[in-house]
Amino acid sequence: MIKENYLNIIENINQACKNAGRDSSTVRLVAVSKTKPVDVIREAIQLGLKDFGENKAQELKSKVAQITNDITWHFIGHLQTNKVKDVVPVAEYIHAVDSIKLAKEINKRALKIEKKQKILLEINTSLEASKFGLIDESEIMETALFCANAENLNLVGLMTMAPYTGEEKILRNCFIKLRSLKEKLNKEGFNLTELSMGMTNDYKIAIEEGATMIRIGTALFGERNYQG
Ligand SMILES: *Cc1c(COP(=O)(O)O)cnc(C)c1O
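Read on for a plain summary of the structure. These numbers come from a predicted model, not from an experiment. (Residues numbered from 1 in each chain as written. Predicted model: local features only at pLDDT ≥ 70, side-chain atom pairs only at ≥ 80, totals over all residues. Heavy atoms only, no water.)

### Remarks on the overall build of the chain
Next, step 1: Per the secondary structure count, the chain includes 9 helices and 8 strands.
Next, step 2: Its C-alpha atoms give the chain a radius of gyration of 17 Å, within 12% of the compact-globule value 17 Å for 228 residues.
Next, step 3: Taken over the C-alpha atoms alone, the chain extends approximately 45 × 40 × 30 Å along its principal axes.
Next, step 4: Evaluated residue by residue, the chain yields a buried proportion of 49% over its 228 residues.
Next, step 5: Considering only residue pairs separated by 6 or more positions, the chain has 58% of its internal contacts joining residues 24 or more positions apart.
Next, step 6: Just so you have it, the chain exposes about 11400 Å², and 48% of that area is on carbon and sulfur atoms.
Next, step 7: Counting 32 positive and 30 negative side-chain charges, the chain places the averaged centre of each group 3 Å from the other. (Helix = DSSP H or I, 4+ residues; strand = E, 2+ residues; numbered from the N terminus. Rg over C-alpha atoms; globule rule 2.2 N^0.38 Å. Buried < 20%, exposed > 50% of the residue type's maximum accessible area, 1.4 Å probe, protein only. Contact = heavy atoms within 4.5 Å. Areas by Shrake-Rupley, 256 points an atom, 1.4 Å probe, with all protein chains shown as cover. Lys, Arg positive; Asp, Glu negative; His and termini not counted. Charge placed at Lys NZ, Arg CZ, Asp CG, Glu CD.)

Shown next, in the form of structure tokens:
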């Protein structure tokens, strides 16, 4: 089941890369394993998946303790400052940094364990009130500057969540916005390489618009059961 899904996703990634004239090695598939048991993660590791994304600090911590394979963990969810201490020791990437306050706390915790923490800034490209992320350009610039100058942070890119819609134009606009913002920041002297964008519903479009990390749960593992 997972194998079939996985092969299907790989095919779609290759096709989207072809459409965009990109090399498929430039797209990293982050398997979003939130709510899924460790057995399922082990199965995915057997298939060759190496990147896993979680959005709850406790769940991440518990899974990292149970899975000893050499894989890369991504924290993709909204992070509260009081949970930072649990996430920094185990996450290679923290995707959704959306305030200086949070960045400060990550920097502080990373310093304690002598780590340079890779982070991405979350941008609210859809302007939906229900979504997290920075909107205001001067605030984005200020936050990016803080992160770039923080000794124990490595600001590698930007992340966004598009709205849940079937309207391609709306989705594509969000991804174009994120890519343009990255280009703009790099013109200002930043060195951002990553665009974390694209989920089950929209990853093909995200790849066409330059995604370097796609975060896929449902298309790989099936529907999530939050009751369990
Ligand atoms: C759950 C989640 C995903 C994966 O969503 P799917 O639609 O199941 O692929 C991606 N990104 C974030 C931030 C998530 O919380």
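### Some details on the site of the ligand
Next, step 1: Lining the immediate surroundings of the ligand are Val32, Lys34, Ile76, Met159, Met161, Met199, Thr200, Arg215, Ile216, Gly217, Thr218 and Arg224.
Next, step 2: One nitrogen or oxygen atom from the side chain of lysine 34 is found 2.7 Å from an oxygen atom belonging to the ligand.
Next, step 3: Between the ligand and arginine 224, the relevant distance is 2.8 Å, taken from an oxygen atom to a side-chain nitrogen or oxygen of the residue.
Next, step 4: Coverage of the ligand by the protein chains reaches 91% of its 390 Å² of free accessible surface.
Next, step 5: For the shell around the ligand, the class distribution of residues is 6 nonpolar, 3 polar and 3 charged. (Near = heavy atom within 4 Å. Polar contact = N/O pair within 3.5 Å; in protein donor to acceptor, adjacent residues only side chain to side chain. Nonpolar A, V, L, I, M, F, W, Y, C, P; charged D, E, K, R; others polar.)

### What to know about the pairing of strand E1 (residues 28-32)
Looking along a regular strand, one sees side chains alternate from face to face of the sheet.
Next, step 1: Within E1, 4 of the 5 residues are buried, which leaves the element mostly enclosed by the surrounding structure.
Next, step 2: Judged from the 4 bridges that link them, E1 and strand E8 (residues 213-216) form a sheet pairing that is parallel. Residue pairing for E8: valine 30 is matched across the bridge by arginine 215.
Next, step 3: Bridge count between E1 and strand E2 (residues 51-54): 2 bridges; the pairing is parallel. Directly across from valine 32, in E2, lies its bridge partner glycine 53. (Pairing = 2+ DSSP bridges.)

### A closer look at the environment of arginine 42
Next, step 1: Within the secondary structure, arginine 42 is located in helix H2 (residues 38-47).
Next, step 2: In the structure, arginine 42 is positioned 25 residues away from isoleucine 67 in sequence and 7.7 Å away in space, judged by C-alpha atoms.
Next, step 3: The residues touching arginine 42, leaving out its near neighbours within four places in the chain, are Gln66 and Ile67.

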